[in-house]
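For reference, the chains in residue letters:
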Amino acid sequence: WLHMLAGDTTAAEEALQLGIERVGLVNVLLEAARGTATVRIFRIFKEYGEVMRGLSQDAFGTDTLDYLLAKANSYHAKVLST
């Protein structure tokens, strides 16, 4: 998030890749979905939004609100980037 705030998308992507290597893409996206940076992540890194749109509610466990917000944000980011 700090790299994105600084405008360094390369460093942000490197940090995300490191997280993905350590805990997996779905876990990184689930954590991102719980924060305020979700739309920005999906706008900058479109492939993550595509993955999020493919996740089922089961990936979020009982947290229906995070699931619905993440889905809405991933579609919203898709519209903004076209």
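So, a few notes on the structure that sits alongside this text. All values reported here derive from a predicted model rather than from experimental measurement.

Take the nonpolar core next. Grouped together as the largest cluster of nonpolar side chains are 19 residues, with contacts concentrated most on Ile 41, Phe 42, Phe 45, Tyr 48, Met 52 and Phe 60. When residues of this core are traced back to their parent elements, those giving at least two are α2 (9–23), α3 (25–33), α4 (38–44), α5 (46–54) and α6 (64–80). Sorting elements by how many residues they give to this core places α3 first, with five residues. Setting aside its immediate chain neighbours within four residues, Phe 60 contacts Leu 30, Ala 33, Arg 34, Met 52, Leu 55, Asp 66, Tyr 67 and Ala 70.

Turning next to the packing of α2 against α3. In the contact formed by α2 and α3, the axes pass within 7 Å of each other and the chain directions differ by 120°. In this view, α2 runs oblique relative to α3, as classed from their interaxial angle. Here α2 contributes Leu 16, Gly 19, Ile 20 and Val 23 to the contact with α3, which in turn contributes Leu 25, Asn 27 and Val 28. Broken down by class, the residue content of the contact of α2 with α3 amounts to five nonpolar, two polar and no charged.

This paragraph deals with the side chain of Asp 66. Note that Asp 66 resides in helix α6. Each residue touching Asp 66, except ones within four places of it in the same chain, is listed here: Ala 33, Arg 34 and Phe 60.

All right, on to the packing of aromatic side chains then. In this structure the tally under the stated criterion is one aromatic pair. Pairing Phe 60 with Tyr 67 gives two aromatic rings, centres 5.6 Å apart and planes at 70°, and the pair type is edge-to-face. The exposure class of Phe 60 is buried, given its relative accessible area of 4%. For Tyr 67, a relative accessible area of 15% translates into the label buried. One cation-aromatic arrangement involves Arg 53 over Tyr 75; the distance from NZ or CZ to the ring centre is 5.5 Å.

This part covers the environment of Gln 57. Within the secondary structure layout, Gln 57 lies in the loop between α5 and α6. Separated by 28 residues in the primary sequence, Gln 57 and Leu 29 place their C-alpha atoms 13 Å from one another. In this structure, Gln 57 is in contact with Thr 64 and Tyr 67, ignoring residues within four places of it in sequence.

Two residues of an α-helix separated by three or four positions point the same way, owing to the 3.6 residues in each turn. Its 15 residues give α2 an end-to-end C-alpha distance of 21 Å, which sits within 8% of 21 Å, the value for a rise of 1.5 Å per residue. Those residues of α2 lying buried are Ala 11, Ala 12, Leu 16 and Ile 20. Where α2 is buried, its residues meet α1 (2–5), α3 and α5.

The rules behind these values
Residues numbered from 1 in each chain as written. Predicted model: local features only at pLDDT ≥ 70, side-chain atom pairs only at ≥ 80, totals over all residues. Heavy atoms only, no water. Core = buried A, V, L, I, M, F, W, Y, C linked by side-chain atoms within 4.5 Å. Buried < 20%, exposed > 50% of the residue type's maximum accessible area, 1.4 Å probe, protein only. Helix = DSSP H or I, 4+ residues; strand = E, 2+ residues; numbered from the N terminus. Contact = heavy atoms within 4.5 Å. Axes fitted to C-alpha atoms, helices over the stretch in contact; angles between N-to-C directions. Parallel < 35°, antiparallel > 145°, perpendicular 65-115°, else oblique. Nonpolar A, V, L, I, M, F, W, Y, C, P; charged D, E, K, R; others polar. Phe/Tyr/Trp six-rings, centres within 6.5 Å; stacked < 30°, edge-to-face > 60°. Lys NZ or Arg CZ within 6 Å of the ring centre and 35° of its normal. Expected span 1.5 Å × (residues − 1).

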